[in-house]
Every structure is written in structure tokens, then in C-alpha cells.
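What the coordinates show
For reference, the chains in residue letters:
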Amino acid sequence: MDKYNCLMYHEIADHGDKYALDRQSFLEHINYMERNGMNAISIKDTSTLNYSKNNIVLTFDDGFVSDVWAGEELAKLGFTATFFLVEDFIKNTSNNYMNKNQVKLVASMGHEIGVHGKNHDAWTSKPKKQLLSELNNTKLWLEDLTGTKVDTCSAPGGKLNKEIVSALQTDGNFKHVRNSIPWFTNIASFEVNSTAILQEDSLPIFIKKLEGEYFYYKYLYSKQLLKDQVKKMIGRY
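These notes cover the structure that comes with them. (Residues numbered from 1 in each chain as written. Predicted model: local features only at pLDDT ≥ 70, side-chain atom pairs only at ≥ 80, totals over all residues. Heavy atoms only, no water.)

This brings us to a nonpolar patch on the surface. On the surface, Leu-226, Val-230, Met-233 and Ile-234 cluster together into a nonpolar patch covering about 440 Å² of accessible area. Owing to a relative accessible area of 72%, Met-233 belongs among the exposed residues under this scheme. (Patch = residues over 30% accessible without salt bridge, like charges linked within 9 Å, V, L, I, M, F, W, Y side chains within 5 Å. Areas by Shrake-Rupley, 256 points an atom, 1.4 Å probe, with all protein chains shown as cover. Salt bridge = Lys/Arg side-chain N within 4 Å of Asp/Glu carboxyl O. Buried < 20%, exposed > 50% of the residue type's maximum accessible area, 1.4 Å probe, protein only.)

This is the structure we're talking about:
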């Protein structure tokens, strides 16, 4: 089957947030990939590389400063990834998020830059016309900043629905939108599923996510589906 796995990272840091991964664990992940003949690629690479189960898409959300280090470590191994950035985070020059020069540095390493939003608000909370305008303007702003093509986006918090996906596809300015659904993705799909890498993941759990262990993915998918249904029932989705 022409399907691939997409793994979602956030911050590379040693603190209590469940989405933060320490440096040693991250190095264990990418070194395991290299030892086992795997290749980390960006979402844009899925349309140009021949399908292989050894090609694993890696993404990073939010644009933390620590992701610059991750990008450097990936580049040392000849790996690439997609970095989803928030325009307001970059402009506000918080110490925790990349500034303009750091964004340009990551792009210069050969990594893909993607849109995570003008701000980090839920996409489902906005009228579609406003959302599309914000995403397209941020896309143009990032393209001007980095000098690279930006045509991939991802929804903060995974808050995405069929109406937004359809609107993005019809609008035609993005080739892919990434969600937070832990499942495999067809090589030609517009919507990209992704599996979060968590601080609590042991190396064996990471390997299951990396290699796409089918029954473990069925468990993750069912768990995520139930979680989303509960959120919708209480109005938090």
C-alpha cells in the first residue's frame, strides 16, 4: 500500500509538558532511524520521492527555539522535516519561539516551512472566509521571509473538520493540510494524518509509532476518536 507515517514533534526541552521531548530522547529517535536505514522527509517530499516504507515524515509544531537545534541535528544526517510556524509568535520575538533569522536559518537547512496560523487560535472558532484570509496572508509572509515556497499547513490543537479541509482544497493555495489523527496517510492525500510523539513515550513505543505497528495504530486511532467525540459533546472542539 502506498501509505506513509507522519510523526509530530513539538518542543525539544526537558520540562513537564507532555509534548516536550528532551534532547537525548530525540537523538535516540533519529539515530535509530539512521541505523535502520530509514529516511526522515518533509511533507512536500512525499510528492517527489518514490514510495518507501522507510520514508517517514517528521513535523514540528509552533516554532519553538529548540526546534532550530532539532533541525540542525536532522540536517547532519541528511534528514528533512516540516516546521509549522505561527506568524504572531515570530513577530512577538518571545524567547521561547524562533525569531525571523532563526526561521530563515531552518529554511536554509533544506527543511520545509509550513503555516500553523497567524495566531494559535482554533481554526474551528473562525468563519471560513476569515480563516482562509489569515492562512493565505501568513503563507505569503513566510514565503517573503524565507524565500521558499510555502504550501503546507496544520491546525493548532488538531482542530480541523471536513468543512475546513474542503475550503482549503477548493481555495487551492495549499497542497496539504496536516491534522492530529494517528493513522496512516495515502501518498496522494491532501489531508495528512499524524501521530504525536509524547514525553511519556518509551523507545519501544516510539518504534511502534515510527514503524506503523498496525494494531497499536488501531488502538491510538480509537482512543483519539473517543477523545474527540467527548470534546464535541462538551463543546470544546
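Quick look at the packing of helix α1 (residues 23–35) against helix α2 (residues 66–76) now. Contact pair α1 / α2: the axes reach a minimum separation of 11 Å and the direction vectors enclose 30°. With respect to α2, the axis of α1 lies roughly parallel. By crossing handedness, the relation of α1 to α2 is classed as right-handed. Side by side, α1 and α2 meet where Arg-23, Phe-26, Leu-27 and Ile-30 of the first sit next to Trp-69, Ala-70, Glu-73 and Leu-74 of the second. (Axes fitted to C-alpha atoms, helices over the stretch in contact; angles between N-to-C directions. Helix = DSSP H or I, 4+ residues; strand = E, 2+ residues; numbered from the N terminus. Parallel < 35°, antiparallel > 145°, perpendicular 65-115°, else oblique. Left-handed = near helix turned anticlockwise from the far one by under 90°. Contact = heavy atoms within 4.5 Å.)

Bringing the pattern of salt bridges into the picture now. For the coordinates displayed, the defined rule picks out nine salt bridges. In this structure, the salt-bridge partner of Arg-178 is Asp-61, at a minimum N-O distance of 2.7 Å. Placement of the pair is Arg-178 in strand β8 (residues 176–178) and Asp-61 in strand β4 (residues 55–62), with a sequence separation of 117 residues. Accessibility expressed as a relative area gives 3% for Asp-61, which makes it buried. Each member of the salt-bridge network shares a partner with another, and the members are Lys-139, Glu-143 and Lys-149.

Turning next to the nonpolar core. Phe-26, Phe-60, Trp-123, Leu-142 and Leu-168 are the most contacted members of the largest nonpolar core, which totals 52 residues. At six residues, helix α5 (residues 128–146) tops the list of elements feeding residues into this core. Formed by seven residues, the second largest nonpolar core is a distinct cluster that contains Cys-6, Ile-41, Val-57 and Val-192. (Core = buried A, V, L, I, M, F, W, Y, C linked by side-chain atoms within 4.5 Å.)

Bringing the environment of Ala-20 into the picture now. Checked against the element boundaries, Ala-20 lands in the loop between β2 (6–9) and α1. In this structure the C-alpha to C-alpha distance between Ala-20 and Gln-199, which are 179 residues apart in sequence, comes to 5.8 Å. If near-sequence neighbours (up to four positions away) are discounted, Ala-20 is found in contact with Glu-11, Ala-13, His-15 and Gln-199.

Attention now moves to the layout of surface pockets. Over the atoms, a rolled probe matching the size of one water molecule traces out where space is still vacant. Roughly 1100 Å³ of internal volume is contained in the largest pocket. As for the largest pocket, its lining consists of 45 residues, of which Ser-180, Ile-181, Pro-182, Gln-224 and Asp-228 are closest to the centre. For the lining of the largest pocket, the secondary-structure elements that each account for two or more residues are β4, α6 (162–171), β11 (195–196) and α8 (214–233). With 12 residues, the single largest contributor to the lining of the largest pocket is α8. Class assignment of the residues belonging to the lining of the largest pocket gives a composition of 17 nonpolar, 13 polar and 15 charged. Of the voids in this model, the second largest pocket is the one considered here, and its volume is about 290 Å³. Around the second largest pocket, the lining is made up of 16 residues, and of these Asn-5, Tyr-51, Lys-53, Phe-184 and Glu-211 lie nearest the centre. Listing elements by their share of the lining of the second largest pocket, those giving two or more residues are β1 (3–4), β4 and α7 (203–211). (1 Å grid on protein atoms, 1.4 Å probe; cavity = no way out; pocket = protein on both sides within 12 Å on 5 of 7 lines; lining within 4 Å. Points joined across faces, edges and corners; volume = space filled by probe spheres on them. Nonpolar A, V, L, I, M, F, W, Y, C, P; charged D, E, K, R; others polar.)

In a regular helix each residue adds 1.5 Å, so 13 residues correspond to 18 Å; α1 covers 18 Å between its end C-alpha atoms and thus fits that length. Listed as buried for α1 are Ser-25, Phe-26, His-29, Ile-30, Tyr-32 and Met-33. End-on, the buried residues of α1 take up no more than an arc of 150°, which puts them together on one face. In this structure, α1 carries Gln-24 and Arg-35 as exposed residues pointing more than 90 degrees from its buried face. Looking at the packing, one finds that the buried side of α1 touches β2, β3 (39–41), β4, α2 and α7. For α1, the N-terminal cap is Asp-22; the gap from its side-chain oxygen to the backbone nitrogen of Gln-24 is 3.2 Å. (Expected span 1.5 Å × (residues − 1). Arc of directions from axis to C-beta. Polar contact = N/O pair within 3.5 Å; in protein donor to acceptor, adjacent residues only side chain to side chain.)

Take the pairing of β2 next. The alternating pattern of β2 places Cys-6 and Met-8 and Leu-7 and Tyr-9 on opposite faces, both of which are buried. Examined bridge by bridge, β2 and β4 share four bridges and lie parallel to one another. Following the sheet pairing, Tyr-9 is matched in β4 by Phe-60. (Pairing = 2+ DSSP bridges.)

Glancing now at empty space enclosed by the protein. This structure, assessed with the given rule, holds one cavity of 30 Å³ or more. What lines the largest cavity is Tyr-4, Ile-41, Asp-45, Thr-46, Leu-49, Asn-50, Tyr-51, Ser-52, Asn-55 and Ile-187.

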